[in-house]
Amino acid sequence: MALTCLILDDEEICVNQLRKYIEKVPTLILKAYFTNPNEALLYLEHEKVDVIFLDMEMPNFALDGLDVIRILGDSQNYIFTTAYPKYASPSYEYNAVDFLEKPIRFERFTMAIHRVKQMLSIQTKGDTKATDKYTFVRVDGNFQRVDFNDLCWVESERNGIWFCTETNRYYSALPISDIEARLPKNQFIRVHKSFIIPISKAEVINRETISIRRQGKLQEIPIGDTYRKEFITSIENKVIKR
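Residues numbered from 1 in each chain as written. Predicted model: local features only at pLDDT ≥ 70, side-chain atom pairs only at ≥ 80, totals over all residues. Heavy atoms only, no water.

Trainee: What is the right way to look at the sheet that holds strand β15 (residues 217-222) in this model?
Mentor: Sheet strands associate in pairs through backbone hydrogen bonding, adopting either a parallel or an antiparallel arrangement. Sheet architecture is open: three strands sit in the order β13-β14-β15, paired in antiparallel fashion. The open sheet has two edge strands with one neighbour each: β13 (202-205) and β15. On average, adjacent strands in this sheet sit at an angle of 35 degrees to one another, irrespective of strand direction. By the bridge criterion, six bridges tie strand β14 (residues 209-214) to β15 in an arrangement that is antiparallel. (Pairing = 2+ DSSP bridges. Helix = DSSP H or I, 4+ residues; strand = E, 2+ residues; numbered from the N terminus. Axes fitted to C-alpha atoms, helices over the stretch in contact; angles between N-to-C directions.)

Below is the structure:
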């Protein structure tokens, strides 16, 4: 189970330590890291990650870690990272997944990752999955049903997205991050800032593109640098190795 994450800490030395830890865990994908909370919030307006490593005190900025949580709310999962034990209590109040006290040991870091995986696994199993088979999108004032099994890819364009099925294309004025959160993670993956694909429909894969068959023709979908590692991790168990 691959997890995506983001680091927000105003001290570069702490950011670099977490980056090194993340690199040691093959199933942990670092999507972005920030020392400025305002930049992180702008990024998270359009992106969602599985967990945020969040520093509590950032004295060089008007916002601290708790302010960030109050702004983002339950849309994200958090692991508190701080040198101050006093934040252990707020970590429970705000339903943080874990609390890591600096300096952070790698063994303790991996325990936090296991907790995130367990939590997300429970959430997935507890979901009714009624929305895992289809969704409705507004098209020309009506609600159009889109079956996930029929989707060839989702493509972002200007102020909305295209749902490209085998026979049709439907436009919806939604950000791509909204549909990314709605699509079942075990079936779909984002491979570029503008594209989400069903993993099972990838036919030919190289470093730069993924080919998917639509209307009898192979169409090339670009792979973004930010998303390459997560995609490769998602298909590793399907690769026959010598």
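Structure's up, so let's keep going.
Trainee: Would you take a moment to explain unusual backbone geometry for this structure?
Mentor: Across residues other than glycine, the phi torsion is negative in most instances, and most of the peptide bonds are trans. Geometrically, the link from K102 to P103 is a cis peptide bond, its omega value of -5 degrees lying close to zero. Relative to the elements of secondary structure, P103 occurs in the loop between β5 (98-101) and α5 (106-126). You will see that Q215, though not glycine, has its phi angle at about 55 degrees, which is positive. Relative to the helices and strands, Q215 is located in the loop between β14 and β15.

Trainee: Help me understand the side chain of D10 in this model?
Mentor: When you line up the elements, D10 lands in the loop between β1 (3-8) and α1 (12-23). Despite its burial, D10 remains without a salt bridge, the nearest opposite charge being carried by K102 at 5.8 Å. When near neighbours in sequence (up to four residues on either side) are disregarded, D10 contacts T35, D55, E57, M58, P59, N60 and F61. (Buried < 20%, exposed > 50% of the residue type's maximum accessible area, 1.4 Å probe, protein only. Lys, Arg positive; Asp, Glu negative; His and termini not counted. Salt bridge = Lys/Arg side-chain N within 4 Å of Asp/Glu carboxyl O. Contact = heavy atoms within 4.5 Å.)

Trainee: Help me understand the nonpolar core, please; the structure alone is not making it clear to me.
Mentor: Side chains that are nonpolar tend, in soluble globular proteins, to be buried together. Ranked by internal contacts, the top residues of the largest apolar core, which has 22 residues, are L6, L8, I52, L54, L72, Y78 and F80. When contributions to this core are tallied by element, the ones reaching two or more residues are β1, β2 (28-34), α2 (37-44), β3 (51-55), α3 (65-72) and β4 (78-82). Once residues within four sequence positions are removed from consideration, L8 is found in contact with F34, T35, N36, P37, A40, F53, L54, D55, M58 and V68. Among the nonpolar cores identified, the runner-up in size contains 20 residues, and I7, L18, I79 and I104 belong to it. (Core = buried A, V, L, I, M, F, W, Y, C linked by side-chain atoms within 4.5 Å.)

Trainee: Just checking my understanding: could you explain the pairing of strand β9 (residues 160-165) for this structure?
Mentor: Each regular strand displays side chains that alternate between the two surfaces of the sheet. The element β9 is extensively covered by neighbouring structure, given that six of its six residues are classed as buried. Burial of the side chains of β9 extends over both faces: G160, W162 and C164 are buried on one face and I161, F163 and T165 on the other. Two elements, strand β8 (residues 151-157) and β9, share six bridges in a ladder whose sense is antiparallel. The residue of β9 that forms the bridge with W153 is C164. Linking β8 to β9, which pair antiparallel, is a turn of two residues; within it R158 sits at a positive phi near 55 degrees.

Trainee: Any chance you could explain the side chain of D50 here in plain terms?
Mentor: Within the secondary structure, D50 is located in the loop between α2 and β3. Under the relative-accessibility criterion, D50 is labelled buried at 5%. A distance of 2.2 Å separates polar atoms of two side chains, one belonging to D50 and the other to K185. When residues no more than four places from it in sequence are discounted, the contact partners of D50 are A2, L3, T4, N77, L120 and K185. (Polar contact = N/O pair within 3.5 Å; in protein donor to acceptor, adjacent residues only side chain to side chain.)

Trainee: Before we go on, may I ask you to explain the environment of F188 in this structure?
Mentor: Looking at the element boundaries, F188 is found in strand β11 (residues 188-192). You can call F188 buried: its relative accessible area is 7%. In sequence terms F188 and K48 are 140 residues apart; their C-alpha atoms lie 15 Å from each other. Aside from chain neighbours lying at most four places away, what touches F188 is F148, L151, L183, I196, I197, P198 and I199.

Trainee: Even after reading the chapter, I still don't get α2, so can you show me in this structure?
Mentor: Residues spaced three or four apart along an α-helix face the same direction, because each turn holds 3.6 residues. Looking at α2, one finds that the buried residues are P37, A40, L41 and L44. All buried residues of α2 lie within an arc of 100 degrees about the axis, which places them on one face of the element. In this fold, the buried residues of α2 make contact with β1, β2, β3 and α3. One side-chain oxygen of the residue at the start of α2 lies 2.8 Å from the amide nitrogen of N38, identifying that residue as N36. (Arc of directions from axis to C-beta.)

Trainee: Looking at this model, I keep getting lost on the sheet that holds β5. Mind explaining?
Mentor: Spatial ordering of the open sheet is given by β2-β1-β3-β4-β5, a layout of five strands whose pairing is parallel. Both edges of this open sheet fall to β2 and β5, since each of them pairs with a single strand only. Put simply, the sheet's adjacent strands are angled 20 degrees from each other on average, direction ignored. Pairing geometry for β4 and β5, over four bridges, is parallel. Within the sheet, the bridge partner assigned to I79 lies in β5 and is D98. Seen against the sheet, α1 touches β1, β2, β3 and β4 and runs at an angle of roughly 165 degrees to β2. Relative to the sheet, α3 contacts β1, β3 and β4, its axis offset from that of β3 by approximately 145 degrees.

These figures capture arrangement, not role.
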